[in-house]
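Residue-level structure breakdown
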Amino acid sequence: MSSRGADQAAQWFAEQYDDAPEGVWHAPGRANLIGEHTDYNDGFVLPFALDRGTFAAAGPHEDGVLELTSRQEPGGAGGTRTVTIALDSLAPGSVRGWAAYPAGVVWSLRQAGYPVPGARMAVESDLPQGAGLSSSAALECAVALALTQLAGFDVVRQELAAIARRAENDFVGVPTGIMDQSAALLCQSGHALLLDCRSGEADSVPLDPALSGLALAIIDTRARHALTESGYGARHIECEEAARALGVRTLREVPGTDSLAALADPVLRRRARHVITENQRVLEAAALLRRGRVAGIGPLLNQSHASLRDDFEISWPEADVAVDAATAAGALGARMMGGGFGGSVIALLPEDGRAVREAVCAAYRDRDWPEPGFLDAPPSSSARRVL
Ligand code: GLA
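Notes on the structure follow.

**A closer look at the sheet that holds strand β4 (residues 65-70)**
- Sheet architecture is open: six strands sit in the order β5-β4-β6-β3-β1-β13, paired in mixed fashion. If you trace the sheet from one side to the other, it starts and ends with β5 (83-86) and β13 (384-385), each paired once.
- Looking at chain direction, strand β3 (residues 47-60) and strand β6 (residues 119-125) are connected through seven bridges and run antiparallel. By the bridge assignment for β6, Ala57 is matched with Ala122.
- On top of the sheet, helix α1 (residues 3-17) reaches β1 (23-32), β3, β4 and β6; it is set at about 135° to β6, its chief contact.

**Side note on the pairing of β1**
- Where burial is concerned, most of β1 is hidden: 10 out of the 10 residues are buried.
- Where β1 lies against β3, nine bridges are found, and the strand directions are antiparallel. Note that in β3 the partner of Gly23 across the bridge is Ala58.
- Sheet analysis places β1 next to β13, joined by two bridges and oriented antiparallel. For His26, the partnering residue across the bridge sits in β13 and is Arg384.

**Overview of the packing of helix α3 (residues 135-151) against helix α5 (residues 179-186)**
- Orientation of α3 relative to α5, taken along the N-to-C sense of each, is 50°, at an axis distance of 9 Å. With respect to α5, the axis of α3 lies oblique. Pair α3 / α5 crosses with right-handed handedness. Counted together, Ala137, Glu140 and Cys141 of α3 and Asp180, Gln181, Ala184 and Leu185 of α5 form the full contact between these two elements.
- Residue composition of the contact of α3 with α5, grouped by class: four nonpolar, one polar and two charged.

**Some remarks on the pattern of salt bridges**
- Under the counting rule described, the total for this entry stands at 20 salt bridges.
- The residue Arg71 makes a salt bridge to Glu124 at a minimum N-O spacing of 3.1 Å. With Arg71 in the loop between β4 and β5 and Glu124 in strand β6, this pair connects stretches of sequence that are 53 residues apart.
- You can call Arg71 partly exposed: its relative accessible area is 28%.
- With a shortest N-O distance of 2.8 Å, Asp310 and Arg309 are connected by a salt bridge.
- By relative accessible area, Arg309 is classed as partly exposed at 32%.

Cut-offs used in this document
Residues numbered from 1 in each chain as written. Predicted model: local features only at pLDDT ≥ 70, side-chain atom pairs only at ≥ 80, totals over all residues. Heavy atoms only, no water. Pairing = 2+ DSSP bridges. Helix = DSSP H or I, 4+ residues; strand = E, 2+ residues; numbered from the N terminus. Contact = heavy atoms within 4.5 Å. Axes fitted to C-alpha atoms, helices over the stretch in contact; angles between N-to-C directions. Buried < 20%, exposed > 50% of the residue type's maximum accessible area, 1.4 Å probe, protein only. Parallel < 35°, antiparallel > 145°, perpendicular 65-115°, else oblique. Left-handed = near helix turned anticlockwise from the far one by under 90°. Nonpolar A, V, L, I, M, F, W, Y, C, P; charged D, E, K, R; others polar. Salt bridge = Lys/Arg side-chain N within 4 Å of Asp/Glu carboxyl O.

So, in structure tokens, the structure goes:
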């Protein structure tokens, strides 16, 4: 995490409100090593925090008013646009655009019995938006931590993750699972987070690829997605239908792929097969990492991608090309990451990943696609106060 981001957020706050902030809070974006579309099926995920994220500089305001500004939004950098929200009038659907995320956090905190007072905030982010790195969860979690700490509420992080998720599900109206907020609030540096989304049990698993001469990289395919518009919700519904047809509450309850013969609909069978096999891959990956066998997870990443592409059908051409080019050029494994239909690929590379980068860029050039972006992805720390 750059201390520059914290300073910039503080400076942005001072310029907007003519006052110094009381503090600056940071929440990271996340990568997901493996375990895609398993969280809302009560399954397992294995995300880790990135060294980039969202900074929220915050200070008190007159009671009942939230005033917000973001450097990344239109009218933001160089402009003076702030959004002012009366907290008593907050209701799902009452705020639109980026401000719905922080406003939703206030609403959700109040619903949970934490009557946070008014606040001023200036938001700064060094995460590419729409790249599938959970910029929205980072925003929610930075705001949630800032508001609760400003008000002196000591909220357990698991509870704060659930509150932030509720803001996204019920206030913004996007039916996501608990992975992104949990990653932003619970991950440890040098570790991935093995989260059982049914029990809430969270275990840190060592993830230090450099010890094995390897590196994790994010390839931003430049294809953009928005969970509100994508087929994300449709997949969620299909999984519920598959569970219902199998007579279980969630797909987590299905013991193995043998049970899927009972599903008449071939589409639902494929969707369920992805979820069941992906849960198994997460547990295998965590077991390998616990034994320090980082290279061993490469084939699991490739299998995950094939399953997301063929069974869950949420991959996109730029991701498939990046995965194929990366693995052909020496990546140990690669897969699409996040909600699907756009965003990023995660790849496990030899420490000098130059050959892979060049191969992916060449494959994009051949197709006249915009050059992909590359981000190092060292497993980093979760949200905290930084100034
Ligand atoms: C998005 C959601 C998560 C999760 C992933 C897919 O990132 O926010 O809850 O469902 O997609 O694994």
